[in-house]
Amino acid sequence: MAEEQLDPELVKRIKLVEHSDYEGDPLTKTDYLLLFTVGLIIPAILMIWGWS
Amino acid sequence: MGVVMSNNGIEISSLKEAIQGTWPILPKERTWGALGLTAVAISAGVAAWSYIIGGFVAYYLDAKMGTIAMIAGSLVGMFFVVMATIPSSVKYGIETITASKPQLGTRGAYFSIFIQYASIAGWNCLLLILLGKAAGNIAKEAGWAVDPSSIAIISVLGSLTAITISWLLLRKGAQAIRNYSYWIAIAVTILGLWILYKLVVGVGLTTIFAAKPAYASGDLLWDYTAGFEVLVASVLSWWPYMGGIVRMVPSSRQAVWPAMLCMGLPTGIISLIGLYSALATGSQDPMAWLIKFGGIEMGIVGLIFLGVANIGTAVVGAYVASIGLKQIPVFQKGISWNGITLVVLVPVALIAAFVPNLFFDNSGTFFAFLGVVFAPICGIQIADYFFLRKQQLNVSGLYEKAPGSAYYFIGGINPVGIVALLAGFFTYTYLLNPVTYESAAIFKYMSASIPAIIVSMIVYYLGTKLFIEKSSMGDY
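Here's a quick rundown of the structure. These numbers come from a predicted model, not from an experiment.

With respect to the overall build of chain A
So, step 1. Counting its regular elements, chain A contains two helices and zero strands.
So, step 2. A compact globule built from 52 residues should have a C-alpha radius of gyration of about 10 Å, whereas chain A, at 21 Å, is more than 25% larger.
So, step 3. C-alpha extents for chain A along the principal axes are approximately 65 × 20 × 15 Å.
So, step 4. Taking all 52 residues of chain A together, the buried fraction comes to 38%.
So, step 5. Element-wise, carbon and sulfur atoms account for 67% of the exposed surface of chain A, whose accessible area totals about 3,400 Å².
So, step 6. Once the 4 positive and 9 negative side-chain charges of chain A are each reduced to a mean point, those two points are 2 Å apart.

Structure, rendered in structure tokens:
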């Protein structure tokens, strides 16, 4: 019922985006590991070093 | 009727609706790339509000500990913003407000619109009023204006000129923003490093690193944590900006590193200018010592940096705020892109023209409480997307508003989302009063933003598991 209210072109886009071929590439495990390192581990090391 | 079809069978006219609105952008339509987003990120990330941040940290910390706390805080804050916003926005090509509907509900997302608009309009006021005031100071130092009313008029005209330039740059849309961001990024990087260099050479590293903070609390750990917290909270304020720009690149990896290293980290690095200026000269504003060391010529160079940096940030903010406003039905049809961008910038112009000092005198309180909101919203988004929905969203549900649609919950609002936001908000304010900086005893061991994020994550996760998943709500 709700979908009928959507613009037909929006519905077309949504149908595509729901398919993995039309989705943006996700982060890999290595990406997440690097992100955790830069975003959490390195700052923690910096803070500890700064306190010493 | 001459409609051009792309090779996906999608009308090209709908591409405009996607890029200037809230429809999802398909990967092949995302034209910025890592370099383009890097340029936009630097253009946005380097802004003169960082002087104020650095100047505030100088109250509590010396140069060594201040540098470390600010760099660490900027990276940690950006980490949470990245985790909350990039995976979903890049996967589905959606902007910030749309991405918040699974957590807050179809109507609850109006809260996201409010904090996005208020935050960006407020920051733009600060940036462009600062720019105007700097122009007034230059005029005063150069002897071009003597009496306070003339200086005030020059300040207002400076702000209004900057706002006009921002609007003219903004009206060309996403491609133009990417293109001129290359030049802005180069200019602000060179000028920012030049100012830092001039400060170090002019004042001396020894002087900077020997200077003592003026208002240290006496508890070094508290001061250290406070300095860290200032940057975490400040960088969390990038949340409203993210979805609208990162959805312009086709992969999350192309979005993560520009965000971390060109939006988050520069906030910390440019803040060093304010930190070192304040410690060595007593003022976080480098304009005063630039003029003192090098005359009006150097002051004008500093003003150019201020102009380029602040306008770059203001334009990116106004761009994402304009897209966010497209969520509101009255802005979806019958109003042009130019019209919506005026809705974003005209209030800034009115404040800059008529009540700039009133805004300045009260902006601290406003920003303090606004900043408190972004920690819990990051928390609930991380909990929802990664731990509850396993990185899958119902894309139709993001655009449906009728009762029974995927993210309608109760009356369009997710009660667990609201409770989790409040839990994070009160956790923060218990640990640290953002206005007075009075704190709980445990604040110095844990900061305030990080516990607020964690508490909101836990409350959201448990509330959803215990109440929402058992119902038919929320598409879990």
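Still to come is the rest of the account.
Focus on the packing of aromatic side chains
So, step 1. Throughout the structure, instances matching the rule amount to 21 aromatic pairs over all chains.
So, step 2. Between Trp 51 of chain A and Tyr 224 of chain B, the aromatic rings sit 5.9 Å apart at their centres with planes inclined by 25 degrees, giving stacked as the arrangement. Taken together, the residues span two chains, with Trp 51 of chain A in helix 2 (residues 29-51) and Tyr 224 of chain B in helix 11 (residues 220-236).
So, step 3. Assessed through its relative accessible area of 43%, Trp 51 of chain A is described here as partly exposed.
So, step 4. One aromatic cluster in this structure is built from Phe 56, Tyr 59, Tyr 60, Tyr 215, Trp 222, Tyr 437 and Phe 443 of chain B.
So, step 5. Here the basic side chain of Lys 64 of chain B rests over the ring of Trp 49 of chain A, its NZ or CZ set 5.8 Å away from the ring centre.

Structural notes on helix 2 of chain A
Residue and element names in this part refer to chain A.
So, step 1. Taking 1.5 Å per residue as the helical rise, helix 2 with its 23 residues ought to reach 33 Å, and the 32 Å between its terminal C-alpha atoms agrees with that figure.
So, step 2. Bending of helix 2 peaks at approximately 40 degrees at the position of Thr 37.
So, step 3. Where helix 2 is concerned, the buried positions are Asp 31, Tyr 32, Leu 35, Val 38, Gly 39, Pro 43, Met 47 and Gly 50.

What to know about the interface of chain B and chain A
The extent of an interface is frequently quoted as the accessible surface area lost upon association of the parts.
So, step 1. At the interface, 52 residues of chain B touch 34 residues of chain A.
So, step 2. Between Asp 31 of chain A and Arg 253 of chain B there is a salt bridge, with its nearest N and O atoms 2.9 Å apart.
So, step 3. Of all the secondary structure elements, the ones that give two or more residues to the side of chain B that touches chain A are helix 1 (12-19), helix 4 (63-92), helix 11, helix 13 (252-281) and helix 17 (395-399) of chain B.
So, step 4. Considered class by class, the residues forming the side of chain B that touches chain A number 36 nonpolar, eight polar and eight charged.

Re unusual backbone geometry
All names here are of chain B.
So, step 1. Positive phi is not limited to glycine here, since Lys 390 has a value of about 50 degrees.
So, step 2. Here Lys 390 is to be found in the loop between helix 16 (356-388) and helix 17.
So, step 3. Taking the relative accessible area as the measure of exposure, Lys 390 reaches 57% and is therefore exposed.
So, step 4. Phi is positive for Phe 409, which is not a glycine, with a value near 55 degrees.
So, step 5. Relative to the helices and strands, Phe 409 resides in the loop between helix 17 and helix 18 (415-431).
So, step 6. With relative accessibility at 8%, the residue Phe 409 sits in the buried group.

Structural notes on the pattern of salt bridges
So, step 1. For the coordinates displayed, the defined rule picks out six salt bridges over all chains.
So, step 2. Here Glu 29 of chain B ties to Arg 13 of chain A by a salt bridge, and the two come within 2.7 Å at their closest N and O atoms. Linking Glu 29 of chain B in the loop between helix 1 and helix 2 (33-45) with Arg 13 of chain A in helix 1 (residues 8-17), this pair reaches from one chain into another.
So, step 3. You can call Glu 29 of chain B buried: its relative accessible area is 11%.
So, step 4. The class of Arg 13 of chain A is buried, set by a relative accessible area of 0%.
So, step 5. Residue Lys 465 of chain B pairs with Glu 469 of chain B through a salt bridge whose shortest N-O separation is 3.3 Å.
So, step 6. Classification of Lys 465 of chain B as partly exposed rests on a relative accessible area of 33%.

Some words on a nonpolar patch on the surface
Residues and elements named next belong to chain B.
So, step 1. Together, Phe 387, Ile 454, Ile 458, Tyr 461, Leu 462, Leu 466 and Phe 467 give the surface a local cluster of nonpolar side chains, amounting to about 680 Å² of exposed area.
So, step 2. In terms of residue count, the dominant contributor to the nonpolar patch is helix 20 (residues 449-468) (six residues).
So, step 3. Positionally, Leu 466 belongs in helix 20.
So, step 4. A relative accessible area of 49% means that Leu 466 is categorised as partly exposed.

As for the packing of helix 2 of chain A against helix 11 of chain B
So, step 1. One can describe the packing of helix 2 of chain A onto helix 11 of chain B by two numbers: an axis separation of 12 Å at closest approach and a directional angle of 150 degrees. One way to sum up the angle between helix 2 of chain A and helix 11 of chain B is to call them roughly antiparallel. The handedness of the crossing between helix 2 of chain A and helix 11 of chain B is right-handed. Contacts from Leu 46, Met 47, Gly 50 and Trp 51 of chain A in helix 2 of chain A reach Leu 220, Leu 221, Tyr 224 and Phe 228 of chain B in helix 11 of chain B.
So, step 2. Each residue belonging to the contact of helix 2 of chain A with helix 11 of chain B can be placed in one class, and the counts come to seven nonpolar, one polar and no charged.

Considerations on the packing of helix 2 of chain B against helix 9 (residues 174-203) of chain B
Helix packing for two helices is described by the angle between their axes and how far apart those axes are.
Residue and element names in this part refer to chain B.
So, step 1. As a packed pair, helix 2 and helix 9 sit with axes 7 Å apart at the nearest point and diverge in direction by 55 degrees. Put simply, helix 2 runs oblique to helix 9. The handedness of the crossing between helix 2 and helix 9 is left-handed. Of helix 9, the residues touching helix 2 (which contributes Leu 35, Gly 36, Ala 39, Val 40, Ile 42 and Ser 43) are Ile 177, Arg 178, Ser 181, Tyr 182, Ile 184, Ala 185, Val 188 and Thr 189.

Thoughts on the nonpolar core
Side chains of a nonpolar character, in soluble globular proteins, are inclined to be buried together.
So, step 1. Grouped together as the largest cluster of nonpolar side chains are 185 residues, with contacts concentrated most on Met 78 and Tyr 319 of chain B.
So, step 2. The biggest single contributor to this core is helix 14 (residues 286-325) of chain B, with 20 residues.

A short note on the environment of Met 457 of chain B
All names here are of chain B.
So, step 1. Among the secondary structure elements, Met 457 is positioned in helix 20.
So, step 2. For the pair formed by Met 457 and Ala 420, sequence separation is 37 residues and the distance between their alpha carbons is 7.3 Å.
So, step 3. Once residues within four sequence positions are removed from consideration, Met 457 is found in contact with Gly 379, Ile 382, Ala 383 and Phe 387.

Quick word on the side chain of Ser 43 of chain B
So, step 1. Counting through the fold element by element, Ser 43 of chain B comes out in helix 2.
So, step 2. By relative accessible area, Ser 43 of chain B is classed as buried at 0%.

Some thoughts on helix 14 of chain B
Residue and element names in this part refer to chain B.
So, step 1. An ideal rise of 1.5 Å per residue puts 58 Å on 40 residues; helix 14 reaches only 36 Å between its terminal C-alpha atoms.
So, step 2. Taking the largest bend as the criterion, helix 14 deviates by roughly 140 degrees, centred on Gly 294.
So, step 3. Across the 40 residues that make up helix 14, a large majority, 30, are buried.

Procedures and definitions
- Residues numbered from 1 in each chain as written.
- Chains lettered and ligands numbered in written order.
- Predicted model: local features only at pLDDT ≥ 70, side-chain atom pairs only at ≥ 80, totals over all residues.
- Heavy atoms only, no water.
- Helix = DSSP H or I, 4+ residues; strand = E, 2+ residues; numbered from the N terminus.
- Rg over C-alpha atoms; globule rule 2.2 N^0.38 Å.
- Buried < 20%, exposed > 50% of the residue type's maximum accessible area, 1.4 Å probe, protein only.
- Areas by Shrake-Rupley, 256 points an atom, 1.4 Å probe, with all protein chains shown as cover.
- Lys, Arg positive; Asp, Glu negative; His and termini not counted.
- Charge placed at Lys NZ, Arg CZ, Asp CG, Glu CD.
- Phe/Tyr/Trp six-rings, centres within 6.5 Å; stacked < 30°, edge-to-face > 60°.
- Lys NZ or Arg CZ within 6 Å of the ring centre and 35° of its normal.
- Expected span 1.5 Å × (residues − 1).
- Bend = angle between axes of the 7 residues up to and from the residue.
- Contact = heavy atoms within 4.5 Å.
- Salt bridge = Lys/Arg side-chain N within 4 Å of Asp/Glu carboxyl O.
- Nonpolar A, V, L, I, M, F, W, Y, C, P; charged D, E, K, R; others polar.
- Patch = residues over 30% accessible without salt bridge, like charges linked within 9 Å, V, L, I, M, F, W, Y side chains within 5 Å.
- Axes fitted to C-alpha atoms, helices over the stretch in contact; angles between N-to-C directions.
- Parallel < 35°, antiparallel > 145°, perpendicular 65-115°, else oblique.
- Left-handed = near helix turned anticlockwise from the far one by under 90°.
- Core = buried A, V, L, I, M, F, W, Y, C linked by side-chain atoms within 4.5 Å.

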